[in-house]
Amino acid sequence: MTTKKIRKIGVLTGGGDCPGLNAVIRAVVKTAIREYRLFVTGFENGFGGLIQNRARELTEKDVIGILPRGGTILGTTNRDNPFHYPIMINGQKVFKDVSDRIIENVNIHDIDAMIIIGGDGSLSIGKELYEEKGLPVVGVPKTIDNDLSATDQTFGFDTALETATEAIDKLHTTAESHHRIIVLEVMGRYAGWIALESGLAGGADVILIPEIPYTLENIVKKINARRDQGKNFSIVVAAEGARPVGGEMVVQRRVEDSFEPIRLGGIGNVVAYEIEEATGLETRATVLGHLQRGGSPTPFDRILATRYGAGAVNMVMSGKFGEMVCLRTPNIKSVPLAEAVHEQRLVPVKCDIVRTARQIGISFGD
Ligand code: F6P
């Protein structure tokens with residue numbers, strides 16, 4: 001708890017972009033100014049802006065029209081960890097702790113509290129800044145992956161789900177017309193939520209998720225069974241983190257100074273090739289990629305993001321620092337950042353959604 005009077009708050013967006021970031025910023029600015037008569041400073045490009053002192057005042061005028069806009073008006077990055085910041089010395093890249101610069105810049109701007117909108121990478125840094133440097137921080141959970149255990153839902157997930165479902169609907173008509181197998185690769189990192197829920201919503205035949213390792217044999221069994229019933233097409237939805245029994249996730253590359261050390265992707269093409277080889281049926285892959293992170297947020301995400309933004313400012317005013325705003329349906333609550341970043345929310349393999357999917361005949365390749 002702080003007893004200091006709050007006059008000015010800072011806000012930044014960190015990590016991958018996500019539909020609803022602007023809706024949070026808008027709610028933070030409006031609530032701060034209208035309800036509490038605060039000033040708001042926005043830092044640009046995640047923690048990079050706090051380290052390099054790139055900041056601007058945000059007024060109500062700055063947030064006009066941004067509610068339905070994807071991306072973030074502040075910019076973002078999944079690099080620039082202040083505790084592990086790359087610096088060139090004699091042509092050599094070395095990593096340094098520059099977190100003191102953040103405290104200097106926060107003081108230059110007379111900021112009393114920071115609202116950090118991010119996924120587990122940004123929120124972990126927020127936690128460290130709070131615990132190690134005493135920075136009064138409030139977190140807002142963002143990610144299309146919906147993999148934070150301390151909240152019922154992160155904003156952005158619902159929009160990504162809608163995009164992926166629409167893609168499955170479109171692929172269905174091509175698959176059916178051409179009698180093809182189509183594999184759709186979706187994002188989600190180590191969690192299968194986007195694949196599971198879009199697969200169910202879009203009527204996929206096979207869903208591959210990291211939590212349930214698959215065998216090619218079982219995928220082929222399902223496709224052949226459909227063919228035997230006269231269904232000459234199938235839709236496979238593969239999470240980017242899906243992996244075969246005893247095998248590994250497909251890694252595109254390792255990324256040295258990102259919050260995320262590996263870039264996943266490629267499973268869709270691997271599985272499509274293997275299915276065509278095993279069945280002799282024409283099989284194509286579509287990688288949905290960053291389309292899932294863009295576009296206008298759904299009404300659900302706009303409302304959740306707005307509630308999170310207002311909730312985060314309320315938390316600042318009641319001194320709930322080192323905590324994250326969260327959804328405990330139907331209420332907006334708060335949870336310590338330490339708990340929020342402690343555990344990933346993976347798909348429980350025996351959960352009701354998986355069971356329902358199995359009951360209606362969807363195969364998980366297991
Ligand atoms: O965490 C969100 C996410 O879109 C993941 O689903 C994906 O693995 C990752 O970010 C991709 O990040 P980048 O755009 O940095 O490659």
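Residues numbered from 1 in each chain as written. Predicted model: local features only at pLDDT ≥ 70, side-chain atom pairs only at ≥ 80, totals over all residues. Heavy atoms only, no water.

**Considerations on the domain arrangement of the protein**
Phase 1 of the analysis: The assigned domain composition of the protein is domain 1 (8-155 + 295-340) and domain 2 (158-292 + 348-359).
Phase 2 of the analysis: Here the C-alpha centre of domain 2 lies 32 Å away from the C-alpha centre of domain 1.
Phase 3 of the analysis: Contacts between the two partners involve 25 residues from domain 1, matched on the other side by 17 residues from domain 2.
Phase 4 of the analysis: Summed over the three residues of domain 1 that lose the most area to domain 2, namely Arg79, Ile144 and Asp145, the buried surface amounts to 34% of that side.
Phase 5 of the analysis: At the junction of domain 1 with domain 2, the criterion picks out three salt bridges.
Phase 6 of the analysis: The closest approach of N and O atoms between Arg189 and Asp120, which form a salt bridge, is 3.1 Å.
Phase 7 of the analysis: Taken together, the connections running from domain 1 to domain 2 amount to eight residue pairs in polar contact (both at pLDDT 80 or more).
Phase 8 of the analysis: Taken together, the elements giving at least two residues each to the side of domain 1 that touches domain 2 come down to β5 (92-96), α4 (120-133) and α9 (299-317).
Phase 9 of the analysis: In terms of residue class, the side of domain 1 that touches domain 2 is built from eight nonpolar, 10 polar and seven charged. (Domains from an automatic or database assignment. Contact = heavy atoms within 4.5 Å. Buried area = accessible area lost by both parts, 1.4 Å probe. Salt bridge = Lys/Arg side-chain N within 4 Å of Asp/Glu carboxyl O. Polar contact = N/O pair within 3.5 Å; in protein donor to acceptor, adjacent residues only side chain to side chain. Helix = DSSP H or I, 4+ residues; strand = E, 2+ residues; numbered from the N terminus. Nonpolar A, V, L, I, M, F, W, Y, C, P; charged D, E, K, R; others polar.)

**Comments concerning the pattern of salt bridges**
Phase 1 of the analysis: The full count for this structure, using the stated rule, is 17 salt bridges.
Phase 2 of the analysis: The salt bridge partner of Glu60 is Lys30, with a shortest N-O separation of 3.6 Å. Of the two residues, Glu60 is situated in the loop between β3 (55-58) and β4 (85-89) and Lys30 in helix α1 (residues 21-36); the sequence distance between them amounts to 30 residues.
Phase 3 of the analysis: What emerges from the salt-bridge pattern is a single network uniting Asp120, Asp145, Asp147, Arg189 and Glu260.

**Digging into the site of the ligand**
Phase 1 of the analysis: Taken together, Asn78, Thr143, Ile144, Asp145, Met187, Gly188, Arg189, Glu240, His290 and Arg293 make up all the residues around the ligand.
Phase 2 of the analysis: Take Glu240: an N or O atom from its side chain is 2.5 Å from an oxygen atom of the ligand.
Phase 3 of the analysis: For the ligand, whose free accessible area comes to 400 Å², the fraction covered by protein is 78%.
Phase 4 of the analysis: Counted by class, the shell around the ligand contains two nonpolar, four polar and four charged residues.
Phase 5 of the analysis: There are two domains that each give the shell around the ligand at least three residues, and those are domain 1 (8-155 + 295-340) and domain 2 (158-292 + 348-359). (Near = heavy atom within 4 Å. Areas by Shrake-Rupley, 256 points an atom, 1.4 Å probe, with all protein chains shown as cover.)

**Observations regarding the sheet that holds strand β7 (residues 137-141)**
Phase 1 of the analysis: Taken in spatial order, the seven strands make up an open sheet running β3-β2-β1-β6-β7-β14-β15, and their pairing is mixed. Lying at the two open borders of the sheet, with one neighbouring strand each, are β3 and β15 (331-336). In this sheet, adjacent strand axes meet at a mean angle of 30 degrees when their direction is disregarded.
Phase 2 of the analysis: With five bridges connecting them, strand β1 (residues 8-13) and strand β6 (residues 113-118) associate as parallel partners. Pairing of Ile9 across the sheet is with Ala113, part of β6. (Pairing = 2+ DSSP bridges. Axes fitted to C-alpha atoms, helices over the stretch in contact; angles between N-to-C directions.)

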